[in-house]
Each structure stands twice: as structure tokens, then as C-alpha cells.
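Okay, here's what each chain looks like letter by letter:
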Amino acid sequence: MKDGAQRRPLQDLSREQLEELIGLYAKNWLALDGVWFQAAERRYGMDAAMDLDEDAWRRYTEIEARRIKAFLGLAERPGLAGLERALRLRFYGQLNCDEVLREENALIYRVVDCRVQSARTRKGMPLHPCKRVGLVEYAGFARAIDDRLTCECLSCYPDVRDGACACAWRFALKKEG
């Protein structure tokens, strides 16, 4: 260590404290996303806020996926197994209650309890119409993990078909040929 330099504070934390801090960072990230969206919604209306949100998520989700893919050391085309591992490490994975179900040639990702929708309900706000942005977000994340992956929305507000979860997405490998 150089003279006058300070140790990074994370080095002094226990594993339990680091895990708690990751949760705190994830909540802070989600709070920033939420207050930014609500400011855009108040100023420009829901449609314009959704346009801005879609643009932001198109870029962010690719960045997040590429960084997680590199962190995990995934192959160029890791398939559904690689996607499953990567989904578990998203910031959302630290906050939402979710589950991954495997089908023969597909993976179903379900958010059982969504902090965003729960917070909006608690505040007396209408549910966030997240399907449009979710299609950009989840499809973009999957493609950045493996360019052969496709994404289909099974249920997401305002097109809810499964009342037992906040949203559900089906990922599959494109058929070669």
C-alpha cells in the first residue's frame, strides 16, 4: 500500500456483511431506476416514460449480461444452462422472489413477487405496464448470453395470463437450419 493510501473499506467486512451490502446495493440500484422512471412519468406521461425506459433497458441489459457472462467465464454460446446461471446473478435476482423451471428444450423464468409492482401497489399507484420493456430487457439479456436464445412473454402486466406470478418468460434455443 502506498504512503497515505487508505485500505478499501470492503476488505474489513465479513462475508455476512458483504452479502448484506450486496442486497443494499441492489435495493439502491432499483430505487434509482424507480425514482428516475417516476420523475419521467410525472414530467412527460406514461407513454414517453416507457419510451425512455425501453431505450435505457435496451442498452443496460446487454451491458449487464456481458459482464455477468465474463464473470462466470461462460462459453460464447452457453445455451440454456448458461442463461440460467446468468439470470441468478442479475441485480433483480437479489431483490425479487423468482424461480427457474426447466422444460425439455426451454427454460421458464418466473418472478413470483416483484418489488416494483409491490411498491407501486403499496403507494396506491397503478401497476407498471412492464411487458413492453420486459420484452426488450429479457430478450436482450438472453441474446447477449447466447445469440441463439429466443424469449417469449408468457405473462406480464398488462397482459397477465398467470396470476400466480408477477411475470413469466420462456427462453428456448433457435432451431438450427
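Scroll up a little and you will see the structure.
The rules behind each value
Residues numbered from 1 in each chain as written. Predicted model: local features only at pLDDT ≥ 70, side-chain atom pairs only at ≥ 80, totals over all residues. Heavy atoms only, no water. Core = buried A, V, L, I, M, F, W, Y, C linked by side-chain atoms within 4.5 Å. Buried < 20%, exposed > 50% of the residue type's maximum accessible area, 1.4 Å probe, protein only. Helix = DSSP H or I, 4+ residues; strand = E, 2+ residues; numbered from the N terminus. Contact = heavy atoms within 4.5 Å. Salt bridge = Lys/Arg side-chain N within 4 Å of Asp/Glu carboxyl O. Pairing = 2+ DSSP bridges.

Colleague: Explain the nonpolar core here, please?
Modeller: Within soluble globular proteins, side chains that are nonpolar tend to cluster in buried spots. Counting 27 residues, the largest nonpolar core has Leu83, Tyr109, Phe141, Trp169 and Phe171 as its most contacted members. Broken down by secondary-structure element, the contributors of at least two residues to this core are helix 2 (46-72), helix 3 (79-88), strand 2 (106-113), helix 5 (131-145), strand 3 (149-156) and strand 4 (167-173). It is helix 5 that provides the largest number of residues to this core, a total of six residues. Once you skip the residues sitting within four places of it in the chain, tyrosine 109 turns out to touch Leu87, Asp98, Glu99, Val100, Tyr138, Cys167, Ala168, Trp169 and Phe171. Core analysis: the second largest hydrophobic core is formed by eleven residues, Ala26, Trp29, Leu30 and Met50 among them.

Colleague: Sorry, what's going on with the pattern of salt bridges here?
Modeller: Should their charged atoms come close, side chains of opposite charge can pair. This structure, assessed with the given rule, holds 17 salt bridges. Of the charged contacts in the structure, one is a salt bridge between glutamate 41 and arginine 120, with a shortest N-O distance of 3.3 Å. You can see glutamate 41 sitting in helix 1 (residues 15-44) and its partner arginine 120 sitting in helix 4 (residues 115-122), a full 79 residues away along the chain. Judged by relative accessible area, which is 17%, glutamate 41 ranks as buried. Judged by its relative accessible area of 3%, arginine 120 falls in the buried class. The shortest N-O distance in the salt bridge between glutamate 64 and arginine 90 comes to 2.8 Å. With glutamate 64 in helix 2 and arginine 90 in the loop between helix 3 and strand 1 (97-102), this pair connects stretches of sequence that are 26 residues apart. The residues glutamate 64 and arginine 90 share a single accessibility class, namely buried. Each of Asp51, Glu54, Asp55, Arg58 and Arg132 takes part in a single network of salt bridges with overlapping partners.

Colleague: Would you take a moment to explain the pairing of strand 4 for this structure?
Modeller: Most of strand 4 is tucked away, with five of its seven residues classed as buried. Taken together, the six bridges between strand 2 and strand 4 define a ladder with antiparallel strand orientation. Along strand 4, the bridge assignment pairs valine 111 with cysteine 167. As paired elements, strand 3 and strand 4 share seven bridges and run antiparallel to each other. The partner of leucine 149 across the bridge, within strand 4, is leucine 173.

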